[in-house]
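# Fold and geometry: a report
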Amino acid sequence: MKTAFTAAQLAEPEIAAADGILRTCVHYGFCTAVCPTYVLTRDENEAPRGRIDLIRAMLERGGRPDAKTVGHIDSCLSCNACMTTCAVDVDYLHLADIARAYIEENYRRPLSDQFVRRLVSRTVTDPARFARMTALARLARPVRALLPGRLRTLVDLAPAGLPPRRDFAGVHPAEGARRMRVALLQGCVQQALAPEINAATVRLLTRHGIEVVVPPEAGCCGAFTLHMGKADMARAAAARNVDAWHAELDVGGLDAVIVNASGCGTVVKDYARLLAEDPARREKAAAVAAIARDVTELLAPDDLKLPETAVPLTVAYHDACSLQHAQKIRGRPRALLRAAGFAVRDVPEGHFCCGSAGAYNMLQPEMAEALGRRKATHIESTGAAAAAAGNLGCLAQLGRFTGLPMLHTVELLDWATGGPRPDALRDVALPEPVARKQTVAPTGAPGAPPPAPPPDAPSDASSGGSTGAAIW
Amino acid sequence: MSMDAFLNDAAGGLGAEHVNTADETLVRYGENTMPGGDRRPAAVLYPGSTEEVAALVRLANLHRVALFPTSTGNNMGLGTRSAPAAGMAVLDLGRRMNRILEIDEKMGFAAVEPGVSFQMLADELKRRGGQWMNSTTSGPPQGGMIGNALDKGAGYGPYFDHFGFSCGMEVVLGTGDVIRTGDGSIEADNLVNWHVSKYSFGPILDGLFAQSNYGIVTRLGVWLLPRPPAIRSFHFAFPDDSDLEEIVELCRPMKMSNFVPTLFRVANDLYLIGSEVPSPAYAASGGRKSISDDARKALQREHGLGAWTVSGAFYGPSMEAMEPQVQRVVGHFCASGKATYIPHEEAMEKPALACAVASFSGEPTNTELGLLKWRPGGGNAWFTPGTPMDGRTANEFQKLGRAIYEANGLDYQVMNVAGPRFARGLHVISFNREDPDECARADAAYRALADAFYARGVAVGRAPVDWQDFHMDKLMPSFRDACAAIKRALDPNGVIAPGRYGIY
Ligand SMILES: Cc1cc2nc3c(=O)[nH]c(=O)nc-3n(C[C@H](O)[C@H](O)[C@H](O)COP(=O)(O)OP(=O)(O)OC[C@H]3O[C@@H](n4cnc5c(N)ncnc54)[C@H](O)[C@@H]3O)c2cc1C
Ligand code: SF4
Ligand code: SF4
């Protein structure tokens, strides 16, 4: 696409970066068919290609953005489905980040909007504040009808209660011989809302000979605020984490920085870019980003320490956008779950976002709800007894629309390798355990889970993977 | 003729929300990847049922306006969603008519509406336990069965011929009448054979609706293949351009006996490498010259691929059980000593070959779309002649085509998709659509290629929207007259896509 920036505009690094990205878009429009907001509205401005055009016009014009453009950028989920499909690899993710930061700086939102955004960005990123606000929301629930619409949404979305707080800061030694040493991001909201995920992660990793360190200084990764255009807040969060992890790297050495919330993982893997203009940290950020891994990338299916028997529970695996589209991880979580003995089902329309998308479900509740219901219906249609995903945001969002137990992948892996039965499965009637050799029956045996694909092979069926023995 | 009055009446019938005349929509629906420019429509309409499509066709007759149907709208390299001319009203059938109407797991067929994509059907079959697979293209996963079959598109497995493996249609004719084809045509409501038997009483009308403009298809039966428990591919890299002769001779007997159940994908270096990386040579010549032979050799080495790489696959009960078949193919292809064997596991590490495997496995994939960025600027057109499975002829065509690409400063990117007697030669013309000179060369190359192949008795399999009239003009006059006569009979006012495939 041709652009018309002036030389003065191009002197600004952000505009120059945007220009480089904009020029690569050639308007094929493959992206539109997979964009959730377009599929639901059929409005070209609610599609990536439309947004790219609007961003170009906004940045070229300069000055104050118009409300229409802001509305269409706000409604983007940052799910990155468009980037997976784009034939020419247009870097929409970073273009949208630039646009959001531009809007944040140059647009005056209505006061109510400003208030809600500030509330969300401050609350969600700080576990203590999140706990206080949850308590407040509980008190407000009886009078929710009196609240203005946006606040009502926040009250509705707030959890009914929070589990007791747990802090994993410190060193968790490996069981047996130490194979690796990793830092774990314990996160912000996840720490308050679902500490069992970090607990399962620590158990799973230490059980497999991996020492886990959680530096107390590290905290929120900055993803929430980054996607809201609050780039300075995001950079501050990133800087704190980089300092903390790099210190560990220097002192005890680190094989990886482990993230078990994929929305955060995407941003941590991108720290080098986020802190590129911070001369003191540029290199440290690159070093940290280079060893950032999703938790499922660390363990290979063959590494799992499995007991004699397995519970062949049928699990629908939901691909979080940040895992499948941003980090391109699809095969590994499935392979691990299968190796652990679960029967894994794919969810139809798997490329679609569930509507959680960071703070999206708080800021764009209607679209988020439509997508959440749609995804929940697809998950239920698989006939699975439970669903798994690698991102807390998806679990919380989908939990609102389905009665199926929603679990983090690591909770299932922890359980299958000797950890406690996850709380979410407390009331679920489990299938009888089977001797493990039966669960790894030859490819395609009736009723057996399909074989594990090679890690992240482009296609799940390419080396078998059907239950078609009956007709073959 | 009054488009305004038509749109007014259409909004009354469909609801105003299903008639879109927003500027940004019209711009986008006119876009394509051809050298000839965009073709902005007058409106985009979203009918929700066969009845609504029929009502729109009757209204179009009343107001004498032209309609252009599109289903999933992913006709990349052939026209995207562009009508043959600007100013038509696009019927975007896929937006609301996107249901899988039926899947019969006993008889192995699905009946679909126009908006059902390859990805949707593949997802649904997987959800049902993966006993069945649909044939998919290696193009856009969001393309769909109806649009692709009607354009005579193809996949790569045993059910590759998407029109041939469809069975039973529902069609709105240009008059607004609705017909069911095949065994669906009986006046009854228990149409048990509609999607299982193609040829019963009466003429076979289905073919009339492929690559034509005689009707709008609103339902299609597609046959499904039992998904094998395991799929094991094999690949052979050949070092020289002229090895095509040997390759074709090797493929023919393997397909004639159907020893290999898939088609052979015989892809040249730049077809495969182009789906992975942009041209490293473009910038140096500003796109005025073809990439050099030395640069091609370097790319082949870097990617571990040949001047030609052949791919095929076996279907069987397990990977191990197919070992004897694979050994036989390896012995056959490696006999002359020219080929390098690339086994399945190694191929899965190479995106372009993993894409081939996906296409044998009914798995939609985005990988090949990378071809669209070989040159910058988004120009892409497909020239689709074919060759009999005779090595010398295929090689002669190869030299001919390559020379025309080079004369026009373009890069030869071809995949021959080989069956027992015939191979379709998918020629990609990648060009910078933002550069008028390159556009002119792409157009000139296309015409020169077509002329050269016609001179040797070869037509194309599908025609991009820019050159449909050009191709129709090459056919014998009596054939053209017959096409026009059928148009007058089924669509007397010429309201459906006038000019599509050169038929008016
Ligand atoms: C990199 C690349 C690889 C490709 N690989 C392949 C391949 O392997 N095989 C292949 O076949 N193609 C391939 N293509 C070409 C093309 O993208 C696909 O064929 C695609 O599926 C066609 O688009 P569609 O299915 O969305 O159909 P549509 O765009 O919806 O329809 C195609 C045309 O058919 C007509 N039509 C559509 N619906 C109707 C209807 N209901 N009634 C009457 N007429 C109708 C219209 O004229 C329309 O333009 C490839 C393209 C690219 C760029
Ligand atoms: S972002 Fe990519 S797919 Fe979307 S219009 Fe631009 S080039 Fe096409
Ligand atoms: S990130 Fe998601 S919602 Fe945003 S434009 Fe891309 S596909 Fe659409």
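Throughout this document, residue positions are counted from 1 along each chain, in the order its sequence is written. Here the convention is simple: chains get letters from A, ligands get numbers from 1, in the order in which they are written. Residues qualify for local features only when their pLDDT is at least 70, as the model is predicted, and side-chain atom pairs are given and counted only at 80 or more; totals for whole chains, interfaces and linings, by contrast, use all residues. Note that the side-chain values use all heavy atoms of the structure and ignore hydrogens as well as water.

The subject of this paragraph is a positive patch on the surface. All names here are of chain A. Two joining distances apply to patches: 9 Å for like charges and 5 Å for nonpolar side chains (Val, Leu, Ile, Met, Phe, Trp, Tyr), and every residue must have over 30% relative accessible area and no salt bridge. Computed by Shrake-Rupley with a 1.4 Å probe, the accessible areas treat only the displayed protein chains as cover when residues are assessed. For this document, the term salt bridge refers to a Lys or Arg side-chain nitrogen within 4 Å of an Asp or Glu carboxyl oxygen. In this tally, Asp and Glu contribute negative charge and Lys and Arg positive charge; neither His nor the terminal groups of the chain are included. Throughout, a charge is located at the NZ atom of Lys, the CZ atom of Arg, the CG atom of Asp or the CD atom of Glu. Taken together, the side chains of Arg-118, Arg-122, Arg-129 and Arg-132 make up a positively charged region of the molecular surface. Think of it this way: any DSSP run of H or I at least four residues long counts as a helix, any run of E at least two long counts as a strand, and we number them from the N terminus. Listing elements by their share of the positive patch, those giving two or more residues are α9 (111-123) and α10 (127-140). If you trace the backbone, Arg-122 turns up in helix α9.

Now for the domain arrangement of chain B. Residue and element names in this part refer to chain B. Domain annotation for chain B reports domain 1 (3-95 + 493-502), domain 2 (100-226) and domain 3 (230-463). The C-alpha centroid of domain 3 is placed 35 Å from the C-alpha centroid of domain 1. Contact definition: two residues touch when any of their heavy atoms are within 4.5 Å. The partner domain 3 presents 11 residues to the 11 residues of domain 1 that form the contact. Simply put, the buried area is the total loss of 1.4 Å probe accessible area from both parts when two parts are fitted together. Interface area lost by domain 1 to domain 3 is led by Thr-33, Pro-35 and Leu-78, which between them contribute 54%. Counting across the domain 1 and domain 3 interface gives one salt bridge. Between Asp-38 and Arg-433 there is a salt bridge, and its shortest N-O distance comes to 2.7 Å. Residues adjacent in sequence count toward polar contacts only when both atoms are side-chain atoms; beyond that, a polar contact is any pair of N or O atoms within 3.5 Å, and within protein one must be able to donate a hydrogen and the other to accept it. At the boundary of domain 1 with domain 3, the tally comes to seven residue pairs in polar contact (both at pLDDT 80 or more). Residues belonging to the side of domain 1 that touches domain 3 are distributed by class as follows: five nonpolar, five polar and one charged. Boundary definitions for the domains trace back to an automatic or database domain assignment. Classification convention: Asp, Glu, Lys, Arg as charged; Ala, Val, Leu, Ile, Met, Phe, Trp, Tyr, Cys, Pro as nonpolar; all other residues, Gly among them, as polar.

Facing the 47 residues of chain A at the interface are 49 residues of chain B. Taken over both partners, the interface formed by chain A and chain B buries close to 3,800 Å², and the fraction arising from carbon and sulfur atoms is 54%. Among the salt bridges present, the one from A:Asp346 reaches B:Lys126, with a minimum N-O distance of 3.2 Å. The interface formed by chain A and chain B holds 12 residue pairs in polar contact (both at pLDDT 80 or more) in total. When contributions to the side of chain A that touches chain B are tallied by element, the ones reaching two or more residues are α3 (30-34), α4 (36-41), α5 (48-61) and α7 (81-85) of chain A. Classifying every residue of the side of chain A that touches chain B by side-chain character gives 18 nonpolar, 19 polar and 10 charged.

What follows covers the sheet that holds strand β8 (residues 166-173) of chain B. All names here are of chain B. In short, DSSP must find at least two bridges between two strands for them to pair. Taken together, five strands build an open sheet; the order of strands is β5-β6-β10-β8-β9 and the sheet is antiparallel. In this open sheet, the two edge strands, each paired with only one partner strand, are β5 (100-104) and β9 (178-180). Along the sheet, successive strands turn relative to each other by an average axial angle of 15°, direction set aside. Relative to strand β10 (residues 215-223), strand β6 (residues 109-112) runs antiparallel, the two sharing four bridges. Along β10, the bridge assignment pairs Phe-109 with Trp-223. Under this scheme, a helix contributes an axis fitted over its contacting stretch, all axes are lines through C-alpha atoms, and angles between N-to-C directions fall in the 0 to 180 degree range. Across the sheet, helix α3 (residues 50-63) is in contact with β8, β9 and β10; its angle to β8 comes to roughly 40°. Across the sheet, helix α4 (residues 118-127) lies against β5, β6 and β10, angled at about 45° from β5, the strand it touches most.

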